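# Structure at a glance
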Amino acid sequence: MKQVAKSRRVVLSIAVTGVMTGLVMAFTFIGINLGSAYVNLGDAMVLTAGALFGPAVAAIAGGLGAMLADLIVFPATFAFTLVIKAVEGAVCGALIKYVIPKVARKHISLQVALGIAAMVLSAVIMATGYFGTNVLFWGEGDSPATRLAGATLQLPIDILQGVIGCAIAILLTYVIRLDKIAARFNVGSLLLVRPQKENRSVETADSEKSAEKRENSAPAPENTDGNLIADGGENTPARSERDDTCGEKAEEKPEKDEFSSKNA
């Protein structure tokens, strides 16, 4: 049984990784063309994958999806894109899935704030990585000063792309709450812990159910003769004795009434 559950989880993880890779690639082609620059929405899917499914899925989906898009649009930087987007997804997923739940614990508002901060940090890593790439590969034969100037001009575009990606990822994760869907299929964990009141109500309901089970499974009491006495039963010795006594009293009453009427 455990082997079947493990195999099912592996298959789901592979399927989810493939779907998120396709979404990263597709969203990379969606964006705004600014002439010398292009702002795409691929980072939104990278950050969402990290928040929902953890660092492994986000690193693979972010790196491969963005790299495949670069191979079609701008092949010169596909290797750098593979590393930059993989690191972006891994950092976001590791912080949200492993670090933040231990730091924030049951404080939901703190988890949300730290989750947003993790997405912003991951976007900063993306912008920094592309800044370094542009410094190295802005143009063949250009001087270092020219490359630095070109990378500086491109940096605000990458920052804007990171801001848009964070906004969409925050909307999907914390407003639409796609993490609940991910947790339902056992391919992701719930991002937010349940409130303390809800936890107490669940514990109370569980204790009531266990107490009810104990009462139902308790053996029936025994009388002095060793016979079981069932509550409300009609065939128990105690019930039959009470019925006989009531019957005798009921029969004696008419005789007393008849005798008193004759004397009158």
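Nothing here was measured: the structure is a model prediction, and the numbers come from that model. (Residues numbered from 1 in each chain as written. Predicted model: local features only at pLDDT ≥ 70, side-chain atom pairs only at ≥ 80, totals over all residues. Heavy atoms only, no water.)

### Comments concerning the overall build of the chain
- Broken down by element type, the chain carries 9 helices and 2 strands.
- Counting helices and strands in the order they occur from the N terminus, the chain gives α-β-β-α-α-α-α-α-α-α-α.
- Taken across its 264 residues, the chain has 32% of its residues classed as buried.
- For the chain, the proportion of contacts with a sequence separation of at least 24, taken over those separated by at least 6, is 61%.
- About 16500 Å² of surface is accessible on the chain, with carbon and sulfur atoms providing 64% of the total. (Helix = DSSP H or I, 4+ residues; strand = E, 2+ residues; numbered from the N terminus. Buried < 20%, exposed > 50% of the residue type's maximum accessible area, 1.4 Å probe, protein only. Contact = heavy atoms within 4.5 Å. Areas by Shrake-Rupley, 256 points an atom, 1.4 Å probe, with all protein chains shown as cover.)

### A few points about the nonpolar core
- With 13 residues, the main nonpolar core has Val 16, Met 20, Val 24, Met 45, Ala 49, Phe 53 and Val 57 as its most contacted residues.
- If one sorts the elements of this core by residue count, helix α2 (residues 42-53) sits on top with 5 residues.
- Counting 12 residues, the second largest nonpolar core, distinct from the first, contains Ile 96, Ala 104, Cys 166 and Tyr 174. (Core = buried A, V, L, I, M, F, W, Y, C linked by side-chain atoms within 4.5 Å.)

### Comments concerning the layout of surface pockets
- What the largest pocket holds in volume is close to 700 Å³.
- As for the largest pocket, its lining consists of 23 residues, of which Tyr 38, Asp 70, Phe 74, Thr 77 and Gln 154 are closest to the centre.
- Sorting the residues of the lining of the largest pocket by element identifies β2 (38-40), α3 (55-73), α4 (78-104), α5 (108-137) and α6 (144-175) as the ones contributing at least two each.
- Residues of the lining of the largest pocket, tallied by class, amount to 10 nonpolar, 10 polar and 3 charged. (1 Å grid on protein atoms, 1.4 Å probe; cavity = no way out; pocket = protein on both sides within 12 Å on 5 of 7 lines; lining within 4 Å. Points joined across faces, edges and corners; volume = space filled by probe spheres on them. Nonpolar A, V, L, I, M, F, W, Y, C, P; charged D, E, K, R; others polar.)

### Section: α3
- Taking 1.5 Å of rise per residue, the 19 residues of α3 would be expected to cover 27 Å, and the 26 Å separating its terminal C-alpha atoms lies within 8% of that figure.
- Residues of α3 that are buried: Pro 55, Val 57, Ala 58, Ala 59, Ala 61, Gly 62, Gly 63, Gly 65, Ala 66, Met 67, Ala 69 and Asp 70.
- Contacts from the buried residues of α3 go to α1 (2-28), α2 and α4. (Expected span 1.5 Å × (residues − 1).)

### A word on a nonpolar patch on the surface
- A surface patch of nonpolar side chains, about 640 Å² in accessible area, is lined by Phe 29, Leu 68, Leu 71, Ile 72, Val 73, Phe 74 and Phe 78.
- Sort the elements by how many residues they give to the nonpolar patch and α3 lands first, with 4 residues. (Patch = residues over 30% accessible without salt bridge, like charges linked within 9 Å, V, L, I, M, F, W, Y side chains within 5 Å. Salt bridge = Lys/Arg side-chain N within 4 Å of Asp/Glu carboxyl O.)

### Digging into the state of the cysteines
- Overall, the coordinates contain 0 disulfides when judged by the stated rule.
- Free of any disulfide, Cys 92 has its nearest neighbouring cysteine sulfur in Cys 166, separated by 8.0 Å. (Disulfide = S-S within 2.5 Å.)

### Overview of the side chain of Thr 21
- Examined against the element boundaries, Thr 21 turns out to sit in helix α1.
- Residue Thr 21 is classed as buried on the basis of its relative accessible area of 12%.
- In contact with Thr 21, other than residues within four places in its own chain, are Ile 60, Ala 61, Leu 64 and Gly 65.

### Comments concerning the pattern of salt bridges
- Within the structure shown, the criterion is met by 1 salt bridge.
- The closest approach of N and O atoms between Lys 85 and Asp 43, which form a salt bridge, is 3.4 Å. Remark: Asp 43 occurs in helix α2 and Lys 85 occurs in helix α4; sequence separation between them is 42 residues. Across this residue pair, the class does not change: Lys 85 and Asp 43 are buried.

### A short note on the packing of α1 against α3
- With their axes 8 Å apart at the nearest point, α1 and α3 run at an angle of 40° to one another. Viewed along their axes, α1 and α3 adopt a mutual orientation that is oblique. Once α1 is placed against α3, the crossing between them reads as right-handed. For the pair α1 and α3, contact is made by Val 16, Thr 17, Met 20, Thr 21, Val 24, Met 25 and Thr 28 and by Val 57, Ile 60, Ala 61, Gly 62, Leu 64, Gly 65, Ala 66, Leu 68, Ala 69 and Ile 72, respectively.
- The residue makeup of the contact of α1 with α3, split by class, is 12 nonpolar, 5 polar and no charged. (Axes fitted to C-alpha atoms, helices over the stretch in contact; angles between N-to-C directions. Parallel < 35°, antiparallel > 145°, perpendicular 65-115°, else oblique. Left-handed = near helix turned anticlockwise from the far one by under 90°.)

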